[in-house]
Amino acid sequence: MDNKEIILSKIAEIISRQGFILKNNSAFISRLKCVGLGEYFEKYSNYLTPYYYNTGYSYKFENDNEEYDVFLGLDSIFTDLYHENKNGEIIALLKELTKSFNIMYILESRNADFEELANLYELLGLSISINIDRVVVTTCMASDAQRVVDLFSVEDWLLQNHREVYDSYESAVDAYTQGHAGACIESCRTCLVSIFSKYKGTEGFAKWLRGIYNTSGDDTTSTMHDLSIALSKEIRKDDLADFFYENRAGKLTKTKTIYMIYSMMSDYGTHRNEATQEHPTLEDALFSLRLMDSILLWVYSKKR
């Protein structure tokens, strides 16, 4: 089971918790049919239908369905869709399911279930919040849904070809879902170094930074001497502060950009408790994860 499957299973587990979702016979059939997945309800209806009815002499008797198990039903559907590469349908279903959330229960209980679920949705490019009596689902960017679909392919590629890189990425995601911002960023840094170490070349002196240089295409227009100068003399502290507000002209721009991301992850992750302490937030962790997602997508597009 890879990381995205684990996230989907965690989502199914939270939704299946007592009181979290409206309990009636139409809750799941309506949600699945509204996104064109009615056949999956038919396949797993025993798990997703809470009641069955017997007709007596004067009225209908409602009986509890002993097979009703929201986790088994949803997890089975997510697993089927994932292995059938229907990643767009997964995103559509995640959005549609929020319409059956028990808003009154979530607001009255003030439990952490919804916050935990919101963190998991964030990892799949969806933001959920409660507005009065309904759940609002948004994406940070119109391309987020497609980005998540692409990441399913990237994770499979990492799992098959670079298991240690995948393990670092999985650790970052797991730390984020548990609310450990610094540990998440630290694992992102490890993932960054690990992926580029794969492409550093065979020379004994080659380091992971050489992997960025080779992957970016900077090696076609610049020399190793240029790389040394760019990293030892051209990158200054103020570059990190200015990085997200303006572009810098000059050679090896992509290599230097990724090195600056590495520096940020070092400060807020690996070295956060040293002399100058940093206090990363979950927003910082999600930012680092999305940067890592983008870098992995970029490497995947070049090296698959």
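A brief structural summary. (Residues numbered from 1 in each chain as written. Predicted model: local features only at pLDDT ≥ 70, side-chain atom pairs only at ≥ 80, totals over all residues. Heavy atoms only, no water.)

### Regarding the overall build of the protein chain
Under the convention used in this document: The helix count covers DSSP runs of H or I at least four residues long, the strand count covers runs of E at least two residues long, and both are numbered beginning at the N terminus. Only protein chains enter the area calculation, which uses a 1.4 Å probe; residues under 20% of their type maximum are buried, those over 50% are exposed, and those in between are partly exposed. Contacts: residue pairs with any heavy atoms within 4.5 Å of one another. Accessible areas in this description were obtained via Shrake-Rupley with a 1.4 Å probe; residue shielding takes into account the shown protein chains only.
Summing up its helical and strand segments, the protein chain has 15 helices and four strands in all. By the burial criterion, 47% of the 304 residues in the protein chain qualify as buried. Taking as baseline every contact in the protein chain between residues at least 6 positions apart, the subset at least 24 positions apart corresponds to 65%. Carbon and sulfur atoms make up 49% of the accessible area of the protein chain, which amounts to about 15700 Å² in all.

### Re the nonpolar core
Formally: We define a nonpolar core as any set of buried Ala, Val, Leu, Ile, Met, Phe, Trp, Tyr and Cys residues linked to one another through side-chain atoms lying within 4.5 Å.
Among the nonpolar cores identified, the biggest contains 77 residues, and Ile15, Leu94, Phe101 and Ile195 are the most heavily contacted of them. Ranked by the residues each element gives to this core, the list is headed by helix α15 (residues 282-303), at ten residues. Ignoring anything within four residues of it in the chain, the contact list for Ile15 reads Phe20, Ile21, Val70, Leu74, Leu97, Phe101 and Leu117.

### Things to note about the pairing of strand β3 (residues 127-131)
To be explicit about the condition: Pairing between two strands is assigned when DSSP locates at least 2 bridges connecting them.
With five bridges joining them, β3 and strand β4 (residues 134-138) adopt antiparallel strand pairing. Looking across to β4, one finds that Asn131 is bridged to Arg134.

### Quick notes on the packing of helix α1 (residues 3-15) against helix α9 (residues 163-177)
This is how it is decided: Lines fitted to C-alpha atoms define the axes here, with helix axes fitted over just the stretch in contact, and angles between the N-to-C directions of these axes take values from 0 to 180 degrees. Reported orientations rely on four angle classes, namely roughly parallel under 35 degrees, roughly antiparallel over 145, roughly perpendicular from 65 to 115, and oblique for the rest. Left-handed describes a crossing whose near helix is turned anticlockwise from the far helix by less than a right angle; the clockwise case is right-handed. Note that Gly is not counted as nonpolar here; it falls among the polar residues with everything else outside the nonpolar set of Ala, Val, Leu, Ile, Met, Phe, Trp, Tyr, Cys and Pro and the charged set of Asp, Glu, Lys and Arg.
Interhelical geometry of α1 versus α9 gives an angle of 20 degrees and a closest axis separation of 10 Å. If you check the angle between α1 and α9, you find them roughly parallel. In the crossing of α1 with α9, the sense of the turn from one axis to the other is right-handed. Of the residues in α9, those touching α1 at Asn3, Lys4, Ile6, Ile7 and Lys10 are Tyr166, Tyr169, Glu170, Val173, Asp174 and Thr177. Per-class residue counts for the contact of α1 with α9 are five nonpolar, two polar and four charged.

### With respect to a negative patch on the surface
Definition in use: Only residues whose relative accessible area exceeds 30% and that form no salt bridge enter a patch; like-charged residues are grouped when within 9 Å of one another, and nonpolar side chains (Val, Leu, Ile, Met, Phe, Trp, Tyr) when within 5 Å. By convention in these notes, a salt bridge is any Lys or Arg side-chain nitrogen within 4 Å of a carboxyl oxygen on Asp or Glu. We treat Lys and Arg as the positive residues and Asp and Glu as the negative residues; His and chain ends play no part in the count. Each charge is placed at NZ for Lys, CZ for Arg, CG for Asp and CD for Glu.
A cluster of like negative charges, contributed by Glu62, Asp64, Glu66 and Glu67, occupies part of the molecular surface. Mapped onto the secondary structure, Glu67 falls in the loop between β2 (60-64) and α4 (70-83). The exposure class of Glu67 is partly exposed, given its relative accessible area of 43%.

### Section: the pattern of salt bridges
For the structure on display, the rule yields twelve salt bridges. Residue Glu155 is joined to Lys4 by a salt bridge in which the shortest nitrogen-to-oxygen separation is 2.4 Å. You can see Glu155 sitting in helix α8 (residues 144-161) and its partner Lys4 sitting in helix α1, a full 151 residues away along the chain. The class for Glu155 is buried, based on a relative accessible area of 2%. The class of Lys4 is buried, set by a relative accessible area of 1%. In this structure, Asp80 engages Lys43 in a salt bridge whose closest nitrogen and oxygen atoms are separated by 3.0 Å.

No statement about biological role is implied by the geometric values presented.
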